[in-house]
Structures are given as structure tokens and as C-alpha cells.
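Given next are the chains, with one letter for each unit.
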Amino acid sequence: MAFNYKPFIEILAEKANAWRNYCICIPCKDILGRESAILKKFPNKTERIRTHLKKCEHFKNKFPEIYIELFEIEIIRVGNNEENSKKRLRRESYTSSMSWTSMYTFKLLLINLLKYLMI
Ligand SMILES: [Zn+2]
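Residues numbered from 1 in each chain as written. Predicted model: local features only at pLDDT ≥ 70, side-chain atom pairs only at ≥ 80, totals over all residues.

Some details on the pairing of strand E2 (residues 21–25)
Spelled out, the test is: Two strands make a pair as long as DSSP finds a minimum of two bridges between them. In DSSP terms, a helix is any run of H or I states spanning at least four residues, a strand is any run of E spanning at least two, and both are numbered starting from the N terminus.
As defined by bridge partners, strand E1 (residues 9–15) adjoins E2 across 4 bridges and the pair is classed as antiparallel. Within the sheet, the bridge partner assigned to Ile9 lies in E2 and is Cys25. Bridging between E2 and strand E3 (residues 42–43) involves 2 bridges; their strand directions are antiparallel. Bridge assignment links Tyr22 to a residue of E3, and that residue is Pro43.

Digging into the environment of Ala16
What counts here: Each residue is classified by how many other C-beta atoms fall within 10 Å of its C-beta atom, where C-beta atoms are placed from the backbone; a count of 20 or more means buried, 12 or fewer means exposed, and values in between mean partly exposed.
Topologically, Ala16 is positioned in the loop between E1 and E2. Taking the C-beta count within 10 Å as the criterion, Ala16 has 16 such neighbours and is therefore assigned partly exposed. C-alpha separation for the pair Ala16 and Asn44, spaced 28 residues apart in sequence, amounts to 8.1 Å.

A look at the nonpolar core
Cut-off, in case you're wondering: The nonpolar core criterion groups buried Ala, Val, Leu, Ile, Met, Phe, Trp, Tyr and Cys residues into a set whenever they are joined through C-beta atoms within 7 Å. Residue pairs qualify as contacts under a 7 Å threshold applied to their C-beta atoms, which are placed from the backbone.
Residues Phe8, Ile9, Cys23, Ile24, Cys25, Cys28, Ala37, Ile49, Leu53, Cys56 and Phe59 constitute the largest nonpolar core, which totals 11 residues. Looking at which element gives the most residues to this core, the answer is E2, with 3 residues. Apart from residues no more than four positions distant in its own chain, Ala37 is found in contact with Ile24, Cys25, Cys28, Lys29 and Leu32.

Structural notes on the sheet that holds E3
Read from one edge to the other, the open sheet built from 3 strands follows the order E1-E2-E3, with strand pairing classed as antiparallel. Each end of this open sheet is capped by a strand with a single partner; those strands are E1 and E3.

Observations concerning helix H3 (residues 46–55)
Because an α-helix packs 3.6 residues into every turn, residues spaced three or four apart end up facing the same way. So the rule is basically this: The arc in question is the one traced by the directions running from the helix axis out to the C-beta atoms.
Of the positions making up H3, those classed as buried are Ile49, His52 and Leu53. With its buried residues spanning 95° around the axis, H3 presents them on a single face. Of the residues in H3, the exposed ones pointing more than 90 degrees away from the buried face are Glu47, Thr51 and Lys55.

If you want it as C-alpha cells, here you go:
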């Protein structure tokens, strides 16, 4: 399922290469200001946008629900081998201090479980 990143980025006039422009993160722009966001510009490419949003505190704070939908569910899904289970445990102990996040993750898990059962 492709996710539409466009609402979270602003495409700049400056080109990254022949076919791609640079873009900036809108939550970064809103919090840090346009100049600082431009210092952190990245090419308008799904992988690069995703990489930025994944580590972007401003995006996470501004759209926690979308952040969880994009990244937290994925972390849980790949948690099959031991290495990932360890990561998941660390993550769970981290999110337990933010109970609303845990609640939301739990709700999304239920929704995904229901979807899975209905296939
Ligand atoms: Zn950002």
C-alpha cells in the first residue's frame, strides 16, 4: 500500500538531479522555520522522505497517529527474529512511558488483526 507523503513535504524549485527536485519537511518548517528546514532538504524521493519522517521529531509530535501508522506497525510486523524482538522490547519499554501511544498502537493492532481475519 503506497502512502501519500505529499501533505508533509514542500517541493522546492531547486533540483536534486535531472528529474527530481529537492523538498523540505513541512513539520520541520513549521517548528524550525523555513531557513533551517532548507538546510535539511532532501530529494523528493519516497525512500528519502520516509527516512526523514522516520527520524523527524517534529513530524512525530505533530502527527503521532500517522507516525505510528507508518512506522510503529511496521516495526511490530517485522518483529519475527530474535534481533527484532529485542528491539521491540526496548521500544515497548520506551512507549510504556507514553500511555496514549501504547493505547493507540494497541488499537491499531486490533484493527489490523481484524483486517487480517477478514481476508
Ligand atoms: Zn522533519
